[in-house]
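Single-letter residue listing:
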Amino acid sequence: MGQRLVRVVVVGLLSLLALLAVYPILFMAIGSVKGTFEFFDSPLALPRNWFNFENYRALASRFDLIRLLGNTGVYAGVALALSLLLALPISYALAKLSFPGRRILFGLVVGSMGIPTIAILIPDYLFFVGAGFGGTGVSVIGVWTARSLPGTIFLLTALLRALPSELIEAAKLDGAGYLKTMTSVVVPLSVPGLVTASIFSLTAWWNDVLIPVVFLQEGSAQTITGGVATLGQRLATQDFPLTMAGLLVAAAAPILLYLLLQGYIRRGLVMGAVK
Amino acid sequence: MTTPLLSRSGAPAVKSGSRRRRLSRREAVLAYATAVPAVVVMAVLLWVPVVSTVAHSFTKWDGITSTWTGLGNYASAFAGGQLLQLFQTNLVFLASIPGIFLICIITSVVLWERVPGWRFFRSVYYLPTVLSSAVVGILAKVLFSPQGAVNALLGQVGLSGLETDWFGHTGTAWAVLVGAFYWQTLGQGVLIFLAGLSAIPSEVVEASQIDGAGWWRRLFQVILPLLTPTVGYFLLTNVIFVLVDLFALVYVTTGGGPGGSTTPIDFLVYQKAFQDGDLGSASALAVLLLVITLVFSSLQILILRRVGGD
Amino acid sequence: MGIALSACSGPQGAGSAGGGKLTGPITFWTGYPTTDSNDKSKTPQQFWIYQAAQRFTKKTGVQVKIEQLPGDATMFTKIRTAAIGGGGPDVANVWSGSYALGIKSFLEPMGQYFNSNDMSQLSGWAAVSDGFDPRKKDTLFGVPDGTDGAQVLMFDKRVLAKAGVDPSTWPTTYDAWVAQLDKIKASGITPLSLGQNALPFILFDTWLAQVVGGSAGIFALSTGKRKFSDPAILDVAKKVVALRPYALPGAASTTDDQAFQQLLAGKAAMALGGAGGTFELQQRFKGNGGLAKLPNVAANGIQGGTVGGAGVAFIVLKNSKHKESAVAFIKHLLSASEQRRFAASKDPGPLVGRTDAKDYYTDPLINQLQQWSTDAANTFWPDNTFPADLVNELGAQMQLLWNGSISPSQFLARLDAKRDSLKP
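Residues numbered from 1 in each chain as written. Chains lettered and ligands numbered in written order. Predicted model: local features only at pLDDT ≥ 70, side-chain atom pairs only at ≥ 80, totals over all residues. Heavy atoms only, no water.

(A) Representation of empty space enclosed by the protein within the structure. Residue and element names in this part refer to chain A. Applying the stated criterion across every chain, the model contains 9 cavities of 30 Å³ or more. For the largest cavity, the calculated volume is near 150 Å³. Lining the largest cavity are 13 residues, with Leu-65, Gly-227, Val-228, Gly-232 and Gly-246 positioned closest to its centre. Every element with two or more residues in the lining of the largest cavity is listed here: helix H4 (65-96), helix H12 (224-236) and helix H13 (240-273). (1 Å grid on protein atoms, 1.4 Å probe; cavity = no way out; pocket = protein on both sides within 12 Å on 5 of 7 lines; lining within 4 Å. Points joined across faces, edges and corners; volume = space filled by probe spheres on them. Helix = DSSP H or I, 4+ residues; strand = E, 2+ residues; numbered from the N terminus.)

So this is what it looks like as structure tokens:
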């Protein structure tokens with residue numbers, strides 16, 4: 001009897017917590033189909049017309065959301081490809097090859113994990129401006145790649161160290177060169193590590209406001225999160241329902257991705273934390 | 001110098017030693033060649049910039065010309081013991097971490113022990129985590145605006161005495177910011193603690209399905225020690241987060257207000273640099289942050305190293 | 001290319017000379033609002049500013065890329081960030097006075113592009129002059145963009161009538177006005193909706209300008225010759241805080257757009273504003289909008305004193321590779337024909353500031369605002385006069401004052417401390 005009561009209370013509390021977790025998202029969805037003055041009249045009420053899409057239409061005529069999403073996809077895609085391509089060889093070298101200065105190099109990589117973005121922001125900004133890439137996606141891709149390299153290398157190195165060297169030796173005995181060894185043995189075996197590193201990098205980039213806001217001044221080059229932070233903020237001073245519509249569009253992509261790829265994302269994230 | 005002679009002499013053992021050496025030299029060359037691209041990128045975009053920031057922290061700098069001012073920028077950062085004040089917002093967040101840690105760990109253990117549908121809850125709790133801080137921040141701004149939903153709700157349930165200008169007072173502005181941080185972190189915590197719990201042998205957890213005081217004692221004395229790596233990971237990632245990553249959330253939510261009192265250090269660096277155009281002072285603050293985060297991240301590495309099995 | 005142009009037509013002729021080849025495209029960063037909460041189907045292309053840019057392209061062949069600027073002081077952070085990196089817009093319209101002069105090292109001096117005939121057609125040049133002396137042409141760092149009119153109380157006459165208040169006999173003393181607020185409050189509606197900028201930069205500054213005797217006093221405060229800690233100013237600060245029970249909650253963190261929309265939504269009887277909101281006021285209240293000056297706060301201050309004027313200016317960046325086109329674009333936007341179109345569009349934004357603007361508007365409220373803004377009792381925006389750091393401090397400390405975190409005398413002491421910490 002007591003046990004059952006405890007369980008009811010516990011499930012009740014957990015459900016309340018779940019409600020707290022999703023209510024703001026529902027509020028956003030409901031608010032996005034309200035009129036400006038309707039929202040003021042009572043922010044909590046259900047909308048008078050569930051199919052009032054005026055805010056979405058206004059949004060579409062003001063912001064090229066597809067373009068912002070596209071920018072984000074391109075920047076993140078290129079940066080991800082670059083960071084994995086750069087990180088895997090050096091991680092393999094740090095894990096499986098012996099060379100003078102290995103400990104120092106590893107120490108430098110590890111130390112670089114703690115560099116806050118703000119400590120490199122101004123020189124990097126001036127560097128890309130000087131190189132003629134001021135205000136372009138190239139600068140964002142560059143900084144994103146560089147920022148994610150130390151963590152990615154650290155993770156992959158730790159993983160590759162745990163790989164049995166016999167597998168690699170066996171491939172070498174079969175006459176496989178460096179490239180062949182990498183593509184046929186090392187890469188397939190590091191997939192879990194690559195997935196985890198990718199999830200960490202993509203999450204960081206998706207959340208990033210500082211670099212897009214400083215490096216990208218023109219709306220047409222902006223990322224979706226940078227766009228939300230600047231244009232969205234401007235809207236929020238004028239029109240709440242229109243802002244809600246914008247936030248929902250910006251939130252839709254990651255929510256859908258999460259719902260589709262839940263399993264992978266969870267396994268990838270957990271790998272960094274539990275072992 | 002004698003090696004060539006000896007090897008020419010054809011002694012097998014020595015020959016193999018030389019081959020090994022040649023092999024290891026080839027291996028070293030291969031290692032350098034494959035490491036160079038990543039090293040160049042890190043050198044150009046991380047290491048040189050850090051050195052540049054440190055160097056410019058001793059100057060007055062507008063982005064083009066810089067003049068040496070010695071420790072002037074640091075002196076003004078430390079002047080009147082205002083260093084703590086500069087880091088005030090970061091410290092508030094730091095102090096809030098035990099709270100979200102307890103919420104996460106208790107929720108996870110309760111879910112694990114008693115709720116058959118825990119997978120559903122885990123997914124729901126994780127939803128806010130996938131939103132970007134910018135979205136979460138603006139949402140908080142709308143919800144807690146003077147005429148927003150939170151005040152309206154308080155009014156409707158008869159608590160209109162609690163209605164307040166959330167962003168007009170430092171204390172409540174911090175509360176909203178920390179609330180947004182909690183909202184986004186719950187999913188992460190529950191996710192990794194559940195994973196940690198699932199790695200604990202089930203007999204240990206199930207052996208003592210106790211209620212009341214015993215339950216708490218078991219939580220702290222049995223379960224938490226078994227979760228040490230996970231707990232360490234959770235605490236350190238969040239400590240680093242509140243030190244270096246608050247910009248996005250604060251930028252969109254309070255903009256540092258009221259009266260600049262909720263400005264975290266990275267936002268302050270940004271303001272000094274791009275609002276005031278004082279890149280030298282900005283660099284000095286960035287260096288202070290760099291030193292602090294290096295201390296914390298070396299701690300993180302110690303822990304991760306155990307995780308990585310090095 | 002600047003040299004080639006001046007060889008054929010001289011800098012002043014840029015844009016008007018038929019043979020001058022203007023280069024482009026140019027980027028224009030602007031804060032002109034392009035949303036209408038009464039009609040969300042209106043696209044940015046239906047607003048005057050976009051159409052005027054298109055007409056410029058048609059006339060000159062120079063493409064104009066329009067980019068939105070933030071509506072608050074962070075507009076300067078955005079411009080400075082881009083300018084430090086050698087980029088930024090070719091032309092922008094930003095807050096005038098000390099705000100714009102704060103980034104003057106990145107700005108192209110404008111005197112060389114405008115002859116005295118050009119200048120005589122526009123009012124408000126002092127607002128873009130370093131030292132507020134437009135006669136010195138080398139100190140001009142912008143071009144005044146219209147006028148904000150005078151900043152006054154706005155209301156729906158019908159709402160006031162319901163509360164038993166007759167707008168035609170408006171109280172002129174603070175006490176009489178507060179009595180009127182009491183009456184409105186008793187009728188069941190919140191009397192005031194205030195925003196976070198209106199609070200320091202309209203309400204406080206209007207009365208500040210009244211008690212310090214207008215521009216001269218404001219200058220003395222901004223140079224530190226005069227102190228904020230002064231019995232007359234303390235009285236002003238106290239009178240501001242005393243209005244709190246009459247205002248919608250949360251004024252200190254409500255944006256000014258939101259505060260104005262509260263008025264339009266019928267949540268409050270009055271809001272503060274100038275040119276920006278008048279058309280929307282009239283549209284929403286179907287011609288029943290009304291305007292009135294803030295009361296006189298002291299018997300020996302400027303009677304009927306208001307603040308306002310040319311609060312917005314066009315600037316051209318030194319980094320621009322198309323300065324001639326940028327200037328031609330400014331001249332195009334401010335030309336009589338474009339300004340007539342702007343006036344007719346009723347888009348939000350500053351009022352026409354051309355000196356020939358007598359018959360541009362048909363709405364009596366607009367003409368009233370125009371007239372008040374040219375009265376001697378009107379003081380140019382104090383926040384555009386104070387140093388930028390002092391303005392930031394004023395805004396920040398007003399939040400704390402309004403919410404009761406600091407006392408009026410602490411408030412003024414902090415302003416003095418800030419003023420004294422600024423290097424000359």
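Past the structure itself, the notes keep going.
(B) Seen up close, the interface of chain C and chain B. In this complex, chain C contributes 17 residues to the contact, which on the side of chain B involves 16 residues. Carbon and sulfur atoms make up 52% of the surface buried where chain C meets chain B, a total of about 1500 Å² over both sides. For the pair chain C and chain B, the interface holds 0 salt bridges. By residue class, the composition of the side of chain C that touches chain B is 6 nonpolar, 10 polar and 1 charged. (Contact = heavy atoms within 4.5 Å. Buried area = accessible area lost by both parts, 1.4 Å probe. Salt bridge = Lys/Arg side-chain N within 4 Å of Asp/Glu carboxyl O. Nonpolar A, V, L, I, M, F, W, Y, C, P; charged D, E, K, R; others polar.)

(C) Region of the structure containing the confidence of the model for chain C. Residues and elements named next belong to chain C. Summing up the model confidence of chain C, the mean pLDDT is 89 and the portion of residues at 70 or higher is 95%. No element of chain C has a lower mean pLDDT than helix H1 (residues 2-8), at 33, and none a higher one than helix H10 (residues 231-241), at 97. Low pLDDT, under 50, characterises residues 1-19; the predicted model gives this stretch 24 contacts beyond four residues in sequence or across chains. (pLDDT = per-residue confidence, 0-100.)

(D) Expanded view of the domain arrangement of chain C. Residues and elements named next belong to chain C. In terms of domains, chain C is made up of domain 1 (2-148 + 309-355) and domain 2 (152-308 + 381-421). Counting residues at the interface gives 20 residues for domain 1 and 19 residues for domain 2. Carbon and sulfur atoms make up 51% of the surface buried where domain 1 meets domain 2, a total of about 1500 Å² over both sides. Three residues stand out in domain 1 for area buried against domain 2, namely Asn-38, Ser-98 and Tyr-99, and they jointly supply 34% of the buried area on that side. (Domains from an automatic or database assignment.)

(E) Structural context of the domain arrangement of chain A. Residues and elements named next belong to chain A. Annotation of chain A at the domain level lists domain 1 (1-62 + 241-275) and domain 2 (64-238). Taking the mean C-alpha position of each, domain 1 and domain 2 sit 30 Å from one another. Contacts between domain 1 and domain 2 engage 15 residues on the former and 15 residues on the latter. Here domain 1 packs against domain 2, burying approximately 1200 Å² in sum over the two surfaces, 82% of which is carbon and sulfur. Linking domain 1 with domain 2 are 0 residue pairs in polar contact (both at pLDDT 80 or more), by the criterion used here. Elements with a contribution of two residues or more to the side of domain 1 that touches domain 2: helix H3 (54-62) and H13. Looking at the side of domain 1 that touches domain 2, the element that brings in the most residues is H13, giving 13 residues. In the side of domain 1 that touches domain 2, the residues fall into 11 nonpolar, 3 polar and 1 charged. (Polar contact = N/O pair within 3.5 Å; in protein donor to acceptor, adjacent residues only side chain to side chain.)

(F) Layout of the sheet that holds strand E3 (residues 91-95) of chain C. Residue and element names in this part refer to chain C. One open sheet accounts for 5 strands, arranged E2-E1-E3-E10-E4; its pairing is mixed. Each having just a single partner strand, strand E2 (64-68) and strand E4 (143-144) make up the two edges of the open sheet. With 5 bridges joining them, E3 and strand E10 (residues 312-316) adopt antiparallel strand pairing. Bridge pairing in E10 places Val-91 opposite Val-316. The strands that helix H2 (residues 48-60) touches are strand E1 (26-30) and E2; relative to E2, the one it contacts most, it runs at about 160°. (Pairing = 2+ DSSP bridges. Axes fitted to C-alpha atoms, helices over the stretch in contact; angles between N-to-C directions.)

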